Amino acid sequence: MIKFLDLAKVNNRFRKEIDERLTNILDKGWYLQGEENDKFAEHFAEYCGTKYAIGVANGLDALRLIIKASGFGEGDEIIVPANTYIATILAISDNGCTPVLVEPDINTYNINPDLVEAAITPKTKAIMVVHLYGQAVKMEKIWTLAKKYNLKVFEDAAQGHGAIYQGRRTGNLSDAAAFSFYPGKNLGCLGDGGAVVSNDKELIDKVKALANYGSDKKYHHIYKGLNSRLDEIQAAILDVKLPHLDEDNTRRRVIAKYYRENINNPRIVLPQTYDEQAHVWHVFVVRTQERDRFQQYLTDNGVQTIIHYPTPPHKQLAYQEWNNRSYPITEEIHKTIISLPISPVMTDDEVKKVVNIVNAYE
Ligand SMILES: *Cc1c(COP(=O)(O)O)cnc(C)c1O
């Protein structure tokens, strides 16, 4: 069977280096807020091109902390794509803010910048973009609107590690960005992990304190904070893997190019990219009518797939107050999408097999 993502294979490439770093941590006996976090934060900020980074417990917390550190809460509105993983929206409601959903562009799957201005009200405080499926959002119009209406811009970069827009990496396209290092992400640890990156020292210091019981120094609490730290073991593993992220993303681009050039089944709508460097292909999402039949066909032929995602956030029970709303483009996407296998450890042979099987679908 061709796995959707063979995580053991992904991580075993680094087994020796990971073993050494873990042995070192066991020898030292220091598990939180230590050298490994400092090292990784420095390297990750450097990678993103931002001045600062701070490791946190997971991607959802990274998003929550950015909003909390910005001082947004009850009565504040934050614009967010209707077509996203629910975590982006949960982070907004968790802070008491109102998520204002905006439809995506059917070609990029990302928020449609042309629809954002109509969603801005006097209560709007920020625009939260999501680099969905690994493609950087076209930021130009978002920046212009933010300037015009004096709004913050945040990035949910949980799927976009390393993607480049106008020569800058994701994470460095806004006031602050959230990353996830969930195992399946382009840069993933062996458990939960996340980071906030920014060029704003004040904001990063506040995130750092908020993530540590609101404390700027031990037993001195200046905010009502939470406990959301990246542990030393995960930081060390991420620090081992980070130098290989670009070559992994390059391999993903090669596979995506091969899929896009060789899948020619008229039933299948292929993903588009406006710039090769802007996309890191976290997932390779195609669309087809009768999606469930296609998925069953692939399963029967030994190709594992996943749906990212089967139900849009506004149709979830968690947001029942929105269940009667209609976001037709988002709904069409959720009804027809399916993600084909893509990962840096897929072999050429596996990639060719997927293409042949997809092309033979009737
Ligand atoms: C994975 C993901 C998150 C959440 O990250 P966790 O580390 O799982 O909390 C948020 N937003 C998007 C778009 C994601 O893909």
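Structure: see above.
All figures in this text were calculated on a predicted structure; none of them were measured in a lab. (Residues numbered from 1 in each chain as written. Predicted model: local features only at pLDDT ≥ 70, side-chain atom pairs only at ≥ 80, totals over all residues. Heavy atoms only, no water.)

(A) View of the site of the ligand. Inspection of the region around the ligand gives 13 residues, with G59, D156, Q159, S180 and K185 positioned closest. Within the side chain of D156, one N or O atom sits 2.7 Å away from a nitrogen atom of the ligand. Here an oxygen atom of the ligand and a side-chain polar atom of K185 are 2.6 Å apart. In the shell around the ligand, the residues fall into 6 nonpolar, 5 polar and 2 charged. (Near = heavy atom within 4 Å. Polar contact = N/O pair within 3.5 Å; in protein donor to acceptor, adjacent residues only side chain to side chain. Nonpolar A, V, L, I, M, F, W, Y, C, P; charged D, E, K, R; others polar.)

(B) Fine view of the pairing of strand β9 (residues 194–198). With 5 of its 5 residues buried, β9 lies for the most part within the structure. Here β9 shows no split at all, with G194, V196 and S198 on one side and A195 and V197 on the other all buried. When strand β1 (residues 52–56) meets β9, the two strands line up antiparallel, connected through 5 bridges. Pairing of I54 across the sheet is with V196, part of β9. One ladder, built from 4 bridges, connects strand β8 (residues 176–180) with β9; its direction is antiparallel. (Buried < 20%, exposed > 50% of the residue type's maximum accessible area, 1.4 Å probe, protein only. Helix = DSSP H or I, 4+ residues; strand = E, 2+ residues; numbered from the N terminus. Pairing = 2+ DSSP bridges.)

(C) Representation of the pairing of strand β13 (residues 337–340). Every second residue of β13 is oriented toward a common face, with I337 and S339 on one face and I338 and L340 on the other, all of them buried. Bridge analysis of strand β12 (residues 284–287) against β13 gives 4 bridges, and the strand direction is antiparallel. By the bridge assignment, V286 is partnered in β13 with I338.

(D) Seen up close, the environment of L32. Inspection of the secondary structure puts L32 in the loop between α2 (15–28) and α3 (35–48). Along the primary structure L32 and L65 are separated by 33 residues, whereas in three dimensions their C-alpha atoms are 19 Å apart. Once residues lying within four places of it in the same chain are set aside, the contact partners of L32 are R229, L230, D231 and E232. (Contact = heavy atoms within 4.5 Å.)

(E) Expanded view of the pattern of salt bridges. Inspection of every chain in the model, using the stated rule, returns 20 salt bridges. Note that R64 is salt-bridged to D94, the shortest N-O span being 2.8 Å. Taken together, the residues span a long stretch of sequence, with R64 in helix α4 (residues 59–69) and D94 in helix α5 (residues 86–94) at a distance of 30 residues. Given a relative accessible area of 47%, D94 falls into the partly exposed group. In this structure, E117 and K148 form a salt bridge, with 2.8 Å as the shortest nitrogen-oxygen distance. (Salt bridge = Lys/Arg side-chain N within 4 Å of Asp/Glu carboxyl O.)

(F) Inspection of the sheet that holds β9 at higher detail. The strand order across the open sheet formed by 7 strands is β1-β9-β8-β5-β4-β2-β3, and the pairing between neighbours is mixed. One side of each edge strand has no neighbouring strand; the edge strands of this open sheet are β1 and β3 (98–102). Direction aside, neighbouring strands of the sheet carry axes that sit 20° apart on average. (Axes fitted to C-alpha atoms, helices over the stretch in contact; angles between N-to-C directions.)

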